[in-house]
Amino acid sequence: GCVHAYDAIVVLGSQPQEPANWKFPSHVYSSLDKAAELIADDVAPRVAVSGKWAIRFDTLGVVQPFLECDAMGDHLLAAGVPENSILREGESKDTISNMYFLKTLLLEPLGAKRLLFMAAEFRLNRITTLAQKVLGPDYEIAVEGVPALTEEIYPNEARTLAMQTEFLAP
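About the cut-offs
- Residues numbered from 1 in each chain as written.
- Predicted model: local features only at pLDDT ≥ 70, side-chain atom pairs only at ≥ 80, totals over all residues.
- Heavy atoms only, no water.
- Pairing = 2+ DSSP bridges.
- Helix = DSSP H or I, 4+ residues; strand = E, 2+ residues; numbered from the N terminus.
- Axes fitted to C-alpha atoms, helices over the stretch in contact; angles between N-to-C directions.
- Parallel < 35°, antiparallel > 145°, perpendicular 65-115°, else oblique.
- Left-handed = near helix turned anticlockwise from the far one by under 90°.
- Contact = heavy atoms within 4.5 Å.
- Nonpolar A, V, L, I, M, F, W, Y, C, P; charged D, E, K, R; others polar.
- Buried < 20%, exposed > 50% of the residue type's maximum accessible area, 1.4 Å probe, protein only.
- Polar contact = N/O pair within 3.5 Å; in protein donor to acceptor, adjacent residues only side chain to side chain.

### A short note on the sheet that holds strand β1 (residues 8-12)
Read across the open sheet, the five strands follow the order β3-β2-β1-β4-β5; overall the sheet is parallel. The sheet terminates laterally at β3 (86-89) and β5 (140-146), the two strands that pair on one side only. In this sheet, neighbouring strand axes are inclined to one another by 25° on average, regardless of whether the strands run parallel or antiparallel. In this sheet, strand β4 (residues 114-120) lies alongside β1 in parallel orientation, the contact comprising three bridges.

Structural data, given as structure tokens:
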């Protein structure tokens, strides 16, 4: 077969904006659309979507009627990605557990080591840091950014990264 540039493209879930319509931020759909294009171009054989629901919803007592990975998987199917090219990880509730469950449930069993993360530009620094930390040196990590609307940019991104880095330090 052809040699793919990556073993998998990864798109992480992001908390839907408001329970009223359960829509993801626009950058999630942009990331999925870009991933679908790359799958069609044979850049990678599969795309992994990761997320159960935001841990914050547990705190707030909000019940999300679907798993993030399933909503993302449905979007990929609609964009023409075949079902057997879509890997769904539906246990994680934050970025650290995204990486952990992706690794243990999907990547290790497949031997997928070369990864391209598609995400909003403002998330790339944190995703790269956490992927390197949690996945470890055996994994080749690349990132590609999509724009996010100003109102979608998470203001605590840097602080969250600092806290998560400290948490993972040991």
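### Section: the packing of helix α1 (residues 26-40) against helix α3 (residues 68-78)
At a minimum axis separation of 9 Å, α1 and α3 run at an interaxial angle of 45°. Classified by the angle between their axes, α1 and α3 sit oblique to one another. Regarding α1 and α3, the two cross each other, and that crossing is right-handed. Touching Val28, Tyr29, Leu32, Asp33 and Ala36 of α1 are Met72, His75 and Leu76, all from α3. A class-by-class count of the residues in the contact of α1 with α3 yields six nonpolar, one polar and one charged.

### Looking at the side chain of asparagine 98
Relative to the helices and strands, asparagine 98 is located in helix α4 (residues 95-110). When its relative accessible area of 4% is taken as the criterion, asparagine 98 is described as buried. Separated by 2.7 Å, the side chains of asparagine 98 and serine 92 make a polar contact.

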